[in-house]
Amino acid sequence: MEILGTGRGIPKGILTNQDLEKMVDTSDEWITTRTGIKKRRICSQEETWTLLATEASRQALEMARMSPEELDLIIAATFTPDYRLPSGACLVQNELKAYKAAAFDIAAACTGFIYGLVIAEKFIKDNPHTKALVIGAEVLSAVTNWEDRSTCVLFGDGAGAAVVAAGNHQGGVLASYIGSDPRVWDLLCVPGGGSLHPPFKPGVAKEEYFVKMKGNEVFKYAIKYMEEAARIVLKRAGFEARDVDWLIPHQANIRIINMVAKKLGIPLEKVIVNIDEYGNTSAATIPIALDEAVRDGKIKKGDLVLLDAFGGGFTYGAILLKW
Ligand code: UT7
């Protein structure tokens, strides 16, 4: 399976660390040194999940020179689509008029884009004519507690997408791996809003409807599992970390990114980083970073690219591909 096109949908509104200093007890210095984030994008009333995801998808289709009617499959990785029902993928399908496709969402948090690519790969193996659109998109501002300094400085909104198909050159996905470890799921969760604590259930505090995270504990798992997933795909494909041209890690914290790169032995010049611009956009971080790196001309044909993510669940996964 090859990636034939990429795209991104980015909200216009920018929220800087200085803006956050006026909202909660924090400082640009703390946020920058502890996370690497300088600003993040936040949706306005008019900018919806579907709008961002559709924009990313249109760009990816254009780069792939494919019309929406050709799509057989639309997979959206997200936990913040516009509605609980229908899925975000169905709403993008409607916007694109891609009526031939089957469309569904997957819930794998920040690893969702990698999970989506792995699922698409299976469909393509089953039927090599399959043309698929994989989206990673989030409006995290809707599930952020803007009074909680330990989380509100971290998140942003955005969307990325990739068009994938069997392809016709020697390359594409060389190895993939996904895994999950639910034993400490409650270190990172949104307790309210599901069927256990539906919206407006009496006695449920409003804070329960936002992302809750024990950051410093999640931190250790992120490093452990991102390193593990990366090593597994490198081994499966018969490559060493030194062969990697570009590492595109999930953008949750610059210290996690640096430590994973260091543990793998990948120099920082080979690591795509945009957390300073967008913060953590969960399932969207990797496809946004991929699209930027492709359009900036950093990733060139024949390059070995390693995608590596970790998120709530916990979920984790990696994909090694030849561009
Ligand atoms: O995307 C999915 C996976 N997510 C992640 O991988 C995130 C992983 N975790 C992290 O990135 C980091 O743990 C955080 C950025 C969330 C937090 O950084 P930390 O270095 O682990 O800080 P901490 O939670 O241990 O807190 C250290 C101190 C505390 O103060 P005391 O108790 O030492 O006095 C916090 O209250 O920093 C304080 N603090 C803040 N101070 C200023 C927490 N948030 C803030 C803030 N501004 N925004």
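Residues numbered from 1 in each chain as written. Predicted model: local features only at pLDDT ≥ 70, side-chain atom pairs only at ≥ 80, totals over all residues. Heavy atoms only, no water.

Novice: What am I meant to see in the environment of L187 here?
Specialist: Locating L187 in the fold gives a position in the loop between strand 8 (172–180) and strand 9 (188–189). Each C-alpha atom, one on L187 and one on W30, is 22 Å from the other, the two residues being 157 residues apart in sequence. In this view, L187 contacts K212, M213, K214, E217, V218, Y221 and F314; residues no more than four positions away in its chain are not counted. (Helix = DSSP H or I, 4+ residues; strand = E, 2+ residues; numbered from the N terminus. Contact = heavy atoms within 4.5 Å.)

Novice: Explain the side chain of T35 here, please?
Specialist: Considering the arrangement of structural elements, one finds T35 in helix 2 (residues 28–35). A polar contact is formed between the side chain of T35 and the backbone oxygen of I31, at a distance of 2.5 Å. Other than its neighbours up to four places away in sequence, T35 contacts W30, L154, N253, I254 and I275. (Polar contact = N/O pair within 3.5 Å; in protein donor to acceptor, adjacent residues only side chain to side chain.)

Novice: Just to check I follow, could you spell out helix 8 (residues 254–264) for this structure?
Specialist: Owing to its 3.6 residues per turn, the α-helix aligns residues three or four sequence positions apart on the same side. All of the buried residues along helix 8 are I254, I256, I257, V260, A261 and L264. For helix 8, the buried positions fall inside an angular range of 160° around the axis, keeping them on one side. Lining the buried residues of helix 8 we find helix 2, helix 7 (215–237), strand 11 (246–249), helix 9 (275–278) and strand 12 (304–311). With a side-chain oxygen lying 2.7 Å from the backbone nitrogen of R255, the N-terminal cap of helix 8 falls on N253. Looking one or two residues beyond helix 8, the residue adopting positive phi is G265, at roughly 80°. (Buried < 20%, exposed > 50% of the residue type's maximum accessible area, 1.4 Å probe, protein only. Arc of directions from axis to C-beta.)

Novice: Explain the site of the ligand here, please?
Specialist: Among the 24 residues in the neighbourhood of the ligand, the closest are listed as T26, R149, H250, N253 and N280. At 2.9 Å from an oxygen atom of the ligand is found a side-chain nitrogen or oxygen belonging to H250. Within the side chain of N253, a nitrogen or oxygen atom sits 2.7 Å from an oxygen atom of the ligand. Protein coverage of the free-state accessible area of the ligand, which is 960 Å², stands at 73%. Mapped by element, the contributors of at least two residues to the shell around the ligand are helix 2, helix 6 (149–152), helix 7 and helix 8. The biggest single contributor to the shell around the ligand is helix 7, with five residues. A domain split of the shell around the ligand shows at least three residues from each of domain 1 (2–170) and domain 2 (173–322). (Near = heavy atom within 4 Å. Areas by Shrake-Rupley, 256 points an atom, 1.4 Å probe, with all protein chains shown as cover. Domains from an automatic or database assignment.)

Novice: What am I meant to see in the sheet that holds strand 5 (residues 102–106) here?
Specialist: What links the strands of a sheet is backbone hydrogen bonding, and the strands pair in either a parallel or an antiparallel sense. The five strands lie next to each other as 1-7-6-4-5, forming an open sheet whose pairing is mixed. Both edges of this open sheet fall to strand 1 (2–9) and strand 5, since each of them pairs with a single strand only. Each strand axis lies, on average, 15° off the axis of its neighbour in the sheet, ignoring direction. Bridge count for strand 4 (residues 73–77) against strand 6 (residues 132–139) is five bridges, and the pairing is parallel. (Pairing = 2+ DSSP bridges. Axes fitted to C-alpha atoms, helices over the stretch in contact; angles between N-to-C directions.)

Novice: Sorry if this is basic, but what is going on with the packing of helix 7 against helix 8 here?
Specialist: Angle between the axes and distance between the axes are the two parameters that describe a pair of packed helices. Orientation of helix 7 relative to helix 8, taken along the N-to-C sense of each, is 40°, at an axis distance of 9 Å. In terms of their interaxial angle, helix 7 and helix 8 are classed as oblique. Helix 8 is crossed by helix 7, and the crossing has right-handed handedness. When helix 7 is examined against helix 8, the residues F219, A222, I223, M226, E227, A230 and R231 are found in contact with a partner set consisting of R255, I256, M259, V260, K263 and L264. (Parallel < 35°, antiparallel > 145°, perpendicular 65-115°, else oblique. Left-handed = near helix turned anticlockwise from the far one by under 90°.)

Novice: Hey, could you run me through the nonpolar core in this one?
Specialist: Side chains of a nonpolar character, in soluble globular proteins, are inclined to be buried together. In terms of nonpolar packing, the biggest core is built from 46 residues, with V233, I256, I266, L306, F310 and L320 touching the most fellow members. Looking at this core, the elements with two or more residues in it are strand 8, helix 7, helix 8, strand 12 and strand 13 (315–322). Residue contributions to this core peak at ten residues, all from helix 7. When we break this core down by domain, the ones giving at least three residues each are domain 1 (2–170) and domain 2 (173–322). (Core = buried A, V, L, I, M, F, W, Y, C linked by side-chain atoms within 4.5 Å.)

Novice: What's the story with the environment of A284 in this structure? I'm lost.
Specialist: Along the chain, A284 turns up in the loop between helix 9 and helix 10 (285–295). For the pair A284 and H250, spaced 34 residues apart in the sequence, the C-alpha separation amounts to 8.8 Å.

Limitation: the analysis is restricted to geometry and does not speak to function.
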